[in-house]
Amino acid sequence: MVRKKRGFSRRKAVRLVLAAAVLAAALICREAGNSPFWKSSVTLHAADGGGAAEGREASSAGLLSGAAVSGAPNGQANAGLPIHGSAQAAPAVRLSPASHSQRGSFSQTSGTSNSAAKTAAATVKKSALPKTVYLTFDDGPSAVTPKVLEILRREQVKATFFVLGNGAERHPEWINAIWEQGSSIGNHSYDHNYKDLYSSFTRFWGQIKKTEEIIRLITGVRPQLVRAPGGTFDHFDDTYFHLMKQAGYRVTDWTVDSGDSKRRGVPASEILKNSISNTKASKVVLLLHDGAGHEESAKALPEIIKRYKAAGYIFKTPDVREEPVQFKTHPGKSAAGRVKPAEAWIDANITPNIALFSSGTKLVVEAGMLQTTLQPGEYRIENGRYIVPLRSVVERLGGRVSWAAGTHSGQAELNGRKITADTVGGGLALAGEGRGQGAVSSGVTLRGDSIWLPLRDLLEVTGHHLLGVTSEPEERRVKAS
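Residues numbered from 1 in each chain as written. Predicted model: local features only at pLDDT ≥ 70, side-chain atom pairs only at ≥ 80, totals over all residues. Heavy atoms only, no water.

Quick look at the overall build of the protein
The criterion, for reference: In this text, helices come from DSSP runs of H or I with a minimum length of four residues, and strands from runs of E with a minimum of two, each type numbered from the N-terminal end. Think of it in three bands: residues with accessible area under 20% of the maximum for their type are buried, residues over 50% are exposed, and the middle band is partly exposed, with areas taken using a 1.4 Å probe on protein chains only. Residue burial considers only the protein chains on display, and all accessible areas are found by Shrake-Rupley using a 1.4 Å probe.
Counting secondary structure elements, the protein contains 15 helices and 21 strands. Within the protein, the fraction of its 481 residues that count as buried is 40%. Summed over its atoms, the accessible surface of the protein is roughly 27,000 Å², and 54% of this surface lies on carbon and sulfur atoms.

A closer look at the side chain of Asp138
We apply this condition: We call two residues contacting when some pair of their heavy atoms lies within 4.5 Å.
Locating Asp138 in the fold gives a position in strand β1 (residues 131-140). Filtering out sequence-adjacent residues up to four positions away, Asp138 remains in contact with Phe162, His188, Arg227, Leu287, Leu288, His289, Asp290 and Gly291.

Let's talk about the layout of surface pockets
The cut-off we apply is this: Any residue with an atom within 4 Å of a point lines the site, the site being either a cavity, points on a 1 Å grid over the protein atoms alone where a 1.4 Å probe fits but cannot get out, or a pocket, an open set with protein on both sides within 12 Å along at least 5 of 7 lines. Grid points are joined across faces, edges and corners, and a volume is the space filled by probe spheres set on the points. Note on residue classes: Ala, Val, Leu, Ile, Met, Phe, Trp, Tyr, Cys and Pro are nonpolar, Asp, Glu, Lys and Arg are charged, and everything else, Gly too, is polar.
In this structure, the largest pocket spans a volume of roughly 1,100 Å³. Lining the largest pocket we find 35 residues, and of these Lys209, Arg391, Ser392, Asp449 and Ser450 sit closest to its centre. Within the residue set of the lining of the largest pocket, elements represented by two or more residues are α9 (201-219), α13 (343-349), α14 (390-396), β13 (400-404), β18 (445-447) and β19 (450-454). Residue contributions to the lining of the largest pocket peak at 9 residues, all from α9. Tallied by class, residues from the lining of the largest pocket come to 14 nonpolar, 8 polar and 13 charged.

As for empty space enclosed by the protein
On inspection of all chains with the given rule, the structure shows 1 cavity of 30 Å³ or more. Of the pockets and cavities examined, the largest cavity occupies roughly 170 Å³. Every residue lining the largest cavity is counted, 15 residues in all, and those nearest its centre are Thr252, Lys283, Pro318, Pro324 and Val325. Breaking the lining of the largest cavity down by element, the ones donating at least two residues are β1 and β7 (283-289).

Observations concerning the confidence of the model for the protein
What counts here: Per residue, pLDDT measures the predictor's confidence, with a range of 0 to 100.
Here the protein averages 79 in pLDDT, and 72% of its residues register 70 or above. Segment residues 1-7: pLDDT under 50, and 0 contacts once partners within four positions in sequence are set aside and those in other chains are kept. In this model residues 31-113 is a low-confidence stretch, pLDDT under 50, and it forms 60 contacts with partners more than four residues away in sequence or in other chains.

Quick word on the sheet that holds β19
Strands belonging to one sheet form pairs held by backbone hydrogen bonds; the direction of such a pair is parallel or antiparallel. Threshold: At least two bridges found by DSSP between two strands is the condition for calling them paired. Between N-to-C directions, angles cover 0 to 180 degrees, with each direction set by a line fitted to C-alpha atoms, over the stretch in contact for helices.
With antiparallel pairing, the 4 strands of this open sheet are ordered in space as β11-β12-β19-β18. The open sheet terminates on both sides in strands that have one partner only, identified here as β11 (380-382) and β18. Across this sheet, the average inter-strand angle for adjacent strands is 35°, counted without regard to direction. Bridging between β11 and strand β12 (residues 385-389) involves 3 bridges; their strand directions are antiparallel. Note on β12: the bridge partner recorded for Glu382 is Arg385.

What about the packing of helix α11 (residues 268-275) against helix α12 (residues 295-310)?
A packed helix pair is summarised by two numbers, namely the angle formed by the two axes and the spacing between the axes. Test applied: Note on convention: the crossing is left-handed when the near helix lies turned anticlockwise from the far helix by less than a right angle, right-handed when the turn is clockwise.
Packing of α11 against α12 leaves a shortest axis separation of 8 Å and a crossing angle of 35°. In this structure, α11 meets α12 at a crossing whose hand is right-handed. Between α11 and α12, the residues in contact are Ala268, Ile271, Leu272 and Ser275 and Glu296, Ser297, Lys299, Ala300, Glu303, Ile304, Arg307 and Tyr308, respectively. A per-class count over the contact of α11 with α12 returns 6 nonpolar, 2 polar and 4 charged.

What about unusual backbone geometry?
In this structure, Pro141 follows Gly140 across a cis peptide bond, with omega equal to 5°. Of note in the backbone geometry, Gln156 takes a positive phi value of approximately 55° without being a glycine. Residue position: Gln156 is located in the loop between α5 (145-155) and β2 (160-163). We classify Gln156 as exposed; its relative accessible area is 73%. Backbone geometry at Asn383 places phi at a positive 55°, although glycine is not the residue there. You can see Asn383 is positioned in the loop between β11 and β12.

So, the sheet that holds β13
Read from one edge of the open sheet, 5 strands run β13-β14-β15-β16-β17, paired in antiparallel fashion. Each edge of the open sheet is held by one strand with a lone partner, namely β13 and β17 (440-441).

Remarks on the nonpolar core
Here is the rule we go by: As used in this record, nonpolar core signifies buried Ala, Val, Leu, Ile, Met, Phe, Trp, Tyr and Cys residues forming a set joined through side-chain atoms within 4.5 Å.
Leu135, Leu152, Phe161, Leu301 and Tyr308 are the most contacted members of the largest nonpolar core, which totals 38 residues. The leading source of residues in this core is α12, at 6 residues. Look past the residues within four positions of Leu152 in its chain and what remains in contact with it is Leu135, Val157, Ala159, Phe161, Gln181, Ser183, Leu301 and Ile305.

Quick notes on helix α10 (residues 238-246)
The condition is simple: Distance and chemistry together define a polar contact, namely a pair of N or O atoms within 3.5 Å, with one atom able to donate a hydrogen and the other to accept it when in protein, and with adjacent residues in sequence counting only for side-chain atoms on both sides.
All buried positions along α10 are accounted for by Thr239, Tyr240, Phe241, Leu243 and Met244. Where α10 is buried, its residues touch α8 (194-197), α9, β4 (225-226), β5 (250-251) and α13. Capping the start of α10, Asp237 holds a side-chain oxygen 3.1 Å from the backbone nitrogen of Thr239, two or three residues further along. Positive phi appears at Gly248, one or two residues downstream of α10, with a value of about 100°.

Looking at the pairing of β7
Just so we agree on the cut-off: Here, the term right-handed applies to a crossover whose path from the first strand over the helix to the second runs clockwise when the strands point away from the viewer.
Taken across its 7 residues, β7 has 6 buried, putting it largely inside the fold. The sheet contact formed by β1 and β7 spans 7 bridges and is parallel. Note on β7: the bridge partner recorded for Asp138 is His289. In this sheet, β7 lies alongside strand β6 (residues 256-257) in parallel orientation, the contact comprising 2 bridges. Across the sheet, Val256 pairs through a bridge with Leu286, a residue of β7. With α11 bridging β6 and its parallel neighbour β7, the resulting β-α-β unit is right-handed.

A look at the environment of Arg216
Structurally, the position occupied by Arg216 is in helix α9. Contacts of Arg216, omitting those with residues within four sequence positions, involve Val221, Arg222, Glu378 and Arg396. Within the local environment of Arg216, its side chain forms a polar contact with the side chain of Glu213, the two groups lying 2.9 Å apart.

What about α12?
Stated formally: Multiplying 1.5 Å by the helix residue count minus one yields the expected span of that helix. The seven residues ending at a residue and the seven starting there each receive a fitted axis; the angle between those axes is the bend at that residue.
The end-to-end C-alpha separation of α12 is 24 Å, in line with the 22 Å expected for 16 residues at 1.5 Å each. Its axis deflected by about 35° at Leu301, α12 carries its strongest bend there, up to four residues before the proline Pro302. Along α12, the residues that are buried comprise Ser297, Ala298, Ala300, Leu301, Ile304, Ile305 and Tyr308. Buried-residue contacts for α12 involve β1, α5, α11, β7 and β8 (313-315). Of the residues trailing α12, Gly312 is marked for its positive phi of about 90°.

Take a look at the structure:
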């Protein structure tokens, strides 16, 4: 009995030792990530996630236990994840499994790295938004303008010039120089006459539209930027702001005044001091002048540019898609007697004006040896006919137009013929004919301050017979003899 008991004990002991050895080996393999059962488990999890868990947190029991897919430590990129901007998987990279102590260090390092990464990202984000300065010049062009342009060219800087219509008429070559150099052109009214500009909105509008057409004839482009002479403070009321915005314009004031127009003969040193009074602001719209008598502004300009560059600013011109800088509404005494324009006037002038700045199809008119282009908003299509403004078409084709207040008609001369456009009867007639006699029923109408009429009727009456009409996505074209 004793021997039998001993034999049993030895066999049992051997089994226990073998079982312990197998268990120990299994645990070691599992810890090393070499267990075939563990591999199968990972393979199943990976297959469920499309090869690797992309764009979502690992939720399987195996991943939550702390083991990493393909042997990658937590926080490392898993094999099979796509490279930034690519649909291709990254090549599989297998790393040695981490021990518990190493995993702890990975966690600590990851925290430090995340903190450093956040700091670096904040720095990059901050540096990605540099400070911006907009140099703006009012009251030109004048003999000072070429001096300013030369400095801007030398410093490789662009600016915005808010020009006066009467100055642009006298010196179109300076307007061309501004445009060709890559600077922006804004509208600063026709004659800067406060009494006229701020007596009523319709008077202000008249000066803006007059200057706009002058600039368009020189550069081929309508200025959408507007600066009110003296700024909007104490001049604009809600009507001015609202109607200008409704018409598609961007009225802009300034954030820093150089003070170069506070009195006659402000020295360059004072202009410089005022101009760089706030070089910590993220955005500076600097008011300067290039009108007659502002030589000191040009003299101060190189140092102004130098100081802003040293302060980390970049130089830009306004983007019409962004909301402009504007003073708060504060109408002065001149606003007391103003009357808001009639709704009929607004419908005829303001409402259709925004189309001038929208994308669309242009209308090209060929008449004999001459050609002109009407941009979207400069013509209408009504009942299958092109309706155009009399003055714009006639003057662009080399003719002349005047207004006869007594008969409410337009007197035009084109292609050697004189015609009368009757806004009361709606007809067109050769000059010399009696009222209504020999007139062609045409649908002439007065809309706001402009006479509008069918283009075909205008061409026929002036001896330009229609040859053909085409319409393409890029342009519409009317060709006449």
